[in-house]
Amino acid sequence: MDHFLYRNGALHAEDVPLAEIAAAVGTPFYCYSTATLTRHFRLFDEALDGMDHLVCYAMKAASNLAILRVLADLGAGMDVVSGGEYARARAAGVPGDRIVFSGVGKTRDEMHMALTGGIRQFNVESEPELQALSEVALSLGVVAPITVRVNPDVDAKTHAKIATGKSENKFGIPIARARAVYAHAARLPGIKVVGIDVHIGSQLTDLAPFRAAYRKVAELTAQLRADGHTITRLDLGGGLGIPYARDNSAPPLPLEYGAMIREELGHLGCEIEIEPGRLIAGNAGLMVSQVIYVKSGEDRDFLILDGAMNDLIRPAMYDAWHDIVPVIEPAPGAEQHVYDVVGPVCESGDTFARGRALPPLAQGDLVAFRSAGAYGAVMSSEYNTRPLIPEVLVKGDQFAVIRRRPTFDEMLNRDTIPEWL
Ligand SMILES: *Cc1c(COP(=O)(O)O)cnc(C)c1O
């Protein structure tokens with residue numbers, strides 16, 4: 001459920017008409033709903049009720065400071081994957097002991113930053129990383145709390161670009177080698193083992209792969225404890241999918257996911273961490289764009305928008321399907337017209353949808369891409385020297401620009417022409 005609904009014939013974000021925001025900030029723009037972010041965080045938090053737990057929002061899904069502040073104020077932890085994200089978490093007011101650091105290629109500088117600024121744990125993905133982390137911690141006279149990310153070799157049954165839990169993926173340590181790696185970790189003076197980490201992929205629409213992975217984690221917990229390690233924390237990653245299409249079979253709910261976690265891992269007495277990103281931000285944001293032209297082709301009509309693949313890359317990158325809706329509500333039973341919905345960028349890949357049935361649209365009309373809150377703004381670029389589009393946050397009847405559109409001067413001034421030219 002989200003808070004983008006038609007009221008009096010106009011699509012609203014909570015209590016604010018999207019057309020009003022468009023008039024104030026121009027198009028295209030991203031718009032997020034505070035109430036939806038809040039609701040989604042609470043669903044996860046409540047799903048783990050009764051177990052010692054921390055929901056660490058995977059901020060790579062949407063990392064604007066204002067979004068992070070909304071979640072931080074609700075008590076969220078953060079899952080960060082770079083020094084930049086670590087800096088964002090701290091700037092949004094997240095205490096270090098609520099930040100977990102994930103990622104396959106953490107640098108020594110990033111380790112240094114997190115160890116001096118405060119960190120809950122590093123989720124370590126390789127033996128060389130373990131070695132480097134121990135050295136950095138020793139140089140600072142501290143000990144780094146860690147989990148090892150294990151790769152359970154489970155097929156997440158999702159898009160190949162976002163599956164991470166098969167042995168051919170670059171992530172984690174093969175679960176079969178985990179005991180040897182933990183034994184090594186225990187001997188390193190700058191390392192303190194606190195738990196186990198697993199994350200098998202994104203946009204999972206079935207609980208079975210999660211269950212298979214978590215069952216392996218439960219077995220490993222028992223083995224590692226028998227080997228003498230202290231395992232008090234299980235980080236179960238993110239990955240629960242969202243419904244992108246209205247006719248999709250609905251992915252499992254956070255409540256069902258939480259119940260499954262309790263079934264598989266509840267008896268171990270561990271603190272549970274989860275790292276949802278997409279499910280918290282995805283349906284809490286949409287991208288609003290304007291029709292520039294309607295162009296009639298040989299055998300089809302093109303709806304040419306002012307938004308493009310550089311603003312929302314998911315269709316081009318993951319073959320993603322986004323619901324596209326007019327900002328003015330169509331009359332019930334209104335006729336439909338079939339369009340290819342495209343942006344102005346000079347690539348055929350700049351296509352949002354092919355053969356999409358929509359109410360007839362004209363130049364100047366506004367459309368909204370639903371479910372664009374996660375992996376939308378964060379993956380945008382200035383390709384074609386198109387400015388990064390604004391982000392807007394709504395709360396009740398208030399809205400604010402939380403990232404403004406840069407001017408062309410600001411963009412150009414980042415380049416330098418060497419004086420020897
Ligand atoms: C991407 C990622 C997440 C979040 O995945 P979602 O599908 O957005 O929930 C969580 N943990 C790690 C380690 C990730 O790489």
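Throughout, residues of each chain are indexed from 1 in the direction in which the sequence is written. Only residues with pLDDT of 70 or above have their local features reported here, since the model is predicted, and side-chain atom pairs are shown and tallied only from 80 upward, although totals for entire chains, interfaces and linings are computed over all residues. Just so you know, side-chain values use all the structure's heavy atoms and leave hydrogens and water out.

Under an unreviewed UniProt entry, the name given to the protein is Diaminopimelate decarboxylase, and the organism recorded is Lacimonas salitolerans. Under Pathway (unreviewed entry), UniProt gives the following word-for-word description of the protein: "Amino-acid biosynthesis; L-lysine biosynthesis via DAP pathway; L-lysine from DL-2,6-diaminopimelate: step 1/1." As stated in UniProt under Function (unreviewed entry), the record for the protein gives "Specifically catalyzes the decarboxylation of meso-diaminopimelate (meso-DAP) to L-lysine." UniProt positions are given in the numbering used here, feature names are shortened, and annotations may be inferred rather than shown by experiment.

A. Fine view of helix H6 (residues 127-140). With 14 residues, H6 should reach 20 Å at 1.5 Å per residue; the first-to-last C-alpha distance of 20 Å fits that figure. Among the structural elements, helix H5 (108-117), strand S8 (121-124), strand S9 (144-151), helix H7 (178-187) and strand S11 (191-197) are those in contact with the buried residues of H6. Whenever a nitrogen or oxygen atom comes within 3.5 Å of another N or O atom, the pair is scored as a polar contact, on the condition that within protein one atom can donate a hydrogen and the other can accept it, and that pairs from neighbouring residues in sequence are kept only if both atoms are in side chains. Elements are defined by DSSP. Helices are runs of H or I of four residues or more, strands are runs of E of two residues or more, and each kind is numbered from the N terminus. Measuring from the side-chain oxygen of the N-cap residue of H6 to the backbone nitrogen of Glu129 gives 3.2 Å; that N-cap residue is Ser126. Immediately beyond the C-terminal end of H6, within one or two residues, lies Gly141, with a positive phi of roughly 70 degrees. Each helix should span, by expectation, one fewer than its residue count multiplied by 1.5 Å. Between two residues, a contact is recorded if the distance between any of their heavy atoms is within 4.5 Å.

B. Representation of the pairing of strand S4 (residues 29-33) within the structure. Most of S4 sits inside the fold, with five of its five residues counted as buried. The pairing criterion is simple: DSSP has to find at least two bridges between the two strands. Bridging between S4 and strand S14 (residues 285-296) involves four bridges; their strand directions are antiparallel. Residue pairing across strands places Tyr30 opposite Met287, the latter belonging to S14. Where S4 and strand S20 (residues 391-395) come together, four bridges link them in parallel fashion. When the bridges of S20 are listed, Tyr32 appears paired with Leu393. Categorising residues by exposure relies on relative accessible area from a 1.4 Å probe, with only protein chains included: less than 20% of the type maximum marks a residue as buried, more than 50% marks it as exposed, and the intermediate range marks it as partly exposed.

C. View of the site of the ligand. In this text, near means that some heavy atom of the residue lies within 4 Å of the molecule or strand in question. As a matter of local geometry, the ligand sits amid 15 residues, with Lys60, Ser202, Glu275, Arg278 and Tyr375 nearest to it. Here an oxygen atom of the ligand and a side-chain polar atom of Ser202 are 2.2 Å apart. Between the ligand and Gly277, the relevant distance is 2.9 Å, taken from an oxygen atom to a main-chain nitrogen or oxygen of the residue. The accessible surface values rely on the Shrake-Rupley method and a 1.4 Å probe; as for residues, cover is taken only from the protein chains in view. Taken by itself the ligand offers 380 Å² of open surface, and the protein chains cover 92% of this. Looking at the shell around the ligand residue by residue, the classes come out as three nonpolar, seven polar and five charged. Each residue gets one of three labels, nonpolar for Ala, Val, Leu, Ile, Met, Phe, Trp, Tyr, Cys and Pro, charged for Asp, Glu, Lys and Arg, and polar for the others, Gly among them.

D. Highlighting the domain arrangement of the protein. A domain assignment, automatic or from a database, supplies the domain bounds used here. Here the protein is partitioned into domain 1 (4-31 + 282-412) and domain 2 (34-281). Here the C-alpha centre of domain 2 lies 32 Å away from the C-alpha centre of domain 1. Contacts between domain 1 and domain 2 engage 25 residues on the former and 26 residues on the latter. Reported buried area values correspond to the accessible surface (1.4 Å probe) lost by two parts on association, with both partners' losses combined. On the domain 1 side of the interface with domain 2, the three residues burying the most area are Asn283, Tyr318 and Tyr375, jointly 26% of the side's total. One speaks of a salt bridge when a side-chain nitrogen belonging to Lys or Arg is within 4 Å of a carboxyl oxygen belonging to Asp or Glu. Joining domain 1 to domain 2, the criterion identifies zero salt bridges.

E. Expanded view of the sheet that holds strand S3 (residues 16-17). Taken in spatial order, the three strands of this open sheet run S1-S2-S3, and their pairing is antiparallel. Two strands bound the open sheet, and with one partner strand each, they are strand S1 (4-7) and S3.

F. Up close: the UniProt feature "modified residue: N6-(pyridoxal phosphate)lysine" (unreviewed entry) in the protein. The UniProt entry lists Lys60 under the feature "modified residue: N6-(pyridoxal phosphate)lysine" (unreviewed entry), expressed in the numbering used here. On the accessibility criterion, Lys60 (37% relative accessible area) is partly exposed. In this structure, Lys60 is in contact with Val81, Glu85, Tyr375 and Val378, ignoring residues within four places of it in sequence.

G. View of the packing of aromatic side chains. Note on aromatic pairs: the rings of Phe, Tyr and Trp (six-membered ring only in Trp) are paired at centre separations within 6.5 Å, and the planes decide the class, stacked below 30 degrees, edge-to-face beyond 60, tilted for the rest. Summed over the entire model, instances satisfying the criterion amount to seven aromatic pairs. Their ring planes at 85 degrees and their centres at 6.4 Å tell us that Phe44 and Tyr257 sit as a pair that is edge-to-face. A residue pair is termed long-range when its members are at least 10 positions apart, and Phe44 in helix H2 (residues 34-47) and Tyr257 in helix H9 (residues 254-265) qualify at 213 residues. Judged by centre distance (5.9 Å) and plane angle (20 degrees), the rings of Phe101 and Phe122 are stacked. Highlighted residues: Phe101 in strand S7 (residues 99-101) and Phe122 in strand S8, separated in sequence by 21 residues. In terms of burial, Phe101 and Phe122 fall into one category: buried.

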